[in-house]
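# Per-entry structural report
Chain by chain, the residues:
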Amino acid sequence: MASSPTSASVMPEMIVIPDDYEAIPVSLLSIPTRYQGDVDSCLIPFGLITDRVQKLAEMVYEQYKGKELHMLCLLKGAYRFFSDLLKEISALSAAADAPDVVKLSLHFVRVKSYHNTESTGDVKISGIDLDDLAGKNVLIVEDIIDTGTTMVAFTAELQKVTPASVEVISLLVKRTPRSNGFLPHYAGFSIPDKFLVGYALDLNEVFRDLNHICIISEAGIEKYRE
């Protein structure tokens, strides 16, 4: 599939976690007692997440220093990544000379897409008036790019109001045969095709408070399946 107008033209730099990576046993890490048995292993420990977010913040700051930037948090999954990224960008900006300050505006958006075999899909957007972003620099903050379906639909809607620029930053990019080829402009980690929880990734609203990004167990899936 050809890239959308807001998809990166080249693969972004990211830490690649290979398919055969031997994930860290949860017994070696601090995991809340209530989640014991619900996760098989830890794919990305919290310390590594923190370091990578700091580096991503540096990249975003260099791109937008001296400019106005509208950051869009896609709820709910991206809220922790958004919060930590914002903190790091704000710290860099606070330490900069006045001409290099990033003037930040924050938005919180819910995006839900619907797709089936009889249509190209629909997207429901709430929490923001997209017209407010006309002529603005926009950075969409996402937790994970999986199939890319939701992001393609959302960016297509956003382009209708002609922002000055649109870029996407995602903490995770999943390697999956279901992908439509969408690429974010900035990314933290390239990950195997596993169901992950933690760092605000959830299963039916559970595990958002888990600091590490973990592979859920079959028992966990069954326990929290609706």
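As shown above, the structure is provided for reference.
Each value, and the rule that gives it
Residues numbered from 1 in each chain as written. Predicted model: local features only at pLDDT ≥ 70, side-chain atom pairs only at ≥ 80, totals over all residues. Heavy atoms only, no water. 1 Å grid on protein atoms, 1.4 Å probe; cavity = no way out; pocket = protein on both sides within 12 Å on 5 of 7 lines; lining within 4 Å. Points joined across faces, edges and corners; volume = space filled by probe spheres on them. Helix = DSSP H or I, 4+ residues; strand = E, 2+ residues; numbered from the N terminus. Nonpolar A, V, L, I, M, F, W, Y, C, P; charged D, E, K, R; others polar. Buried < 20%, exposed > 50% of the residue type's maximum accessible area, 1.4 Å probe, protein only. Contact = heavy atoms within 4.5 Å. Polar contact = N/O pair within 3.5 Å; in protein donor to acceptor, adjacent residues only side chain to side chain.

## Digging into the layout of surface pockets
- One number sums up the size of the largest pocket: a volume of about 960 Å³.
- Taken together, 28 residues form the lining of the largest pocket, with Glu142, Asp143, Ile144, Thr150 and Asp202 sitting closest to its centre.
- Elements represented by at least two residues in the lining of the largest pocket include exactly strand 4 (68-75), strand 5 (103-114), strand 7 (137-145) and helix 3 (149-159).
- Residue composition of the lining of the largest pocket, by class: eleven nonpolar, seven polar and ten charged.

## Description of unusual backbone geometry
- Of the consecutive residues Leu75 and Lys76, the connecting peptide bond is found in the cis state with omega at 0 degrees.
- Looking at the element boundaries, Lys76 is found in the loop between strand 4 and helix 2 (79-94).
- The phi angle at Ala200 is positive, at roughly 85 degrees, despite the residue not being glycine.
- Turning to its location among the elements, Ala200 is positioned in the loop between strand 10 (196-197) and strand 11 (213-216).
- A residue is classified by how much of its surface remains accessible, and Ala200, at 0% relative accessible area, is buried.
- Look at Phe207: it is not a glycine, yet its phi comes out positive at around 85 degrees.

## Digging into the environment of Phe81
- Assignment of secondary structure puts Phe81 in helix 2.
- When its relative accessible area of 1% is taken as the criterion, Phe81 is described as buried.
- With 89 residues separating them along the chain, Phe81 and Ser170 place their C-alpha atoms 8.6 Å apart.
- The residues touching Phe81, leaving out its near neighbours within four places in the chain, are Val53, Leu56, Val141, Glu142, Ile169, Ser170, Leu171 and Tyr199.

## Focus: the side chain of Asp38
- With respect to the secondary-structure elements, Asp38 resides in the loop between strand 2 (24-25) and strand 3 (39-44).
- Reaching out from Asp38, the side chain makes a polar contact with the side chain of Tyr224 at a distance of 3.2 Å.
- Apart from the residues within four sequence positions on either side, Asp38 is in contact with Phe207, Ile216, Ser217, Gly220, Lys223 and Tyr224.

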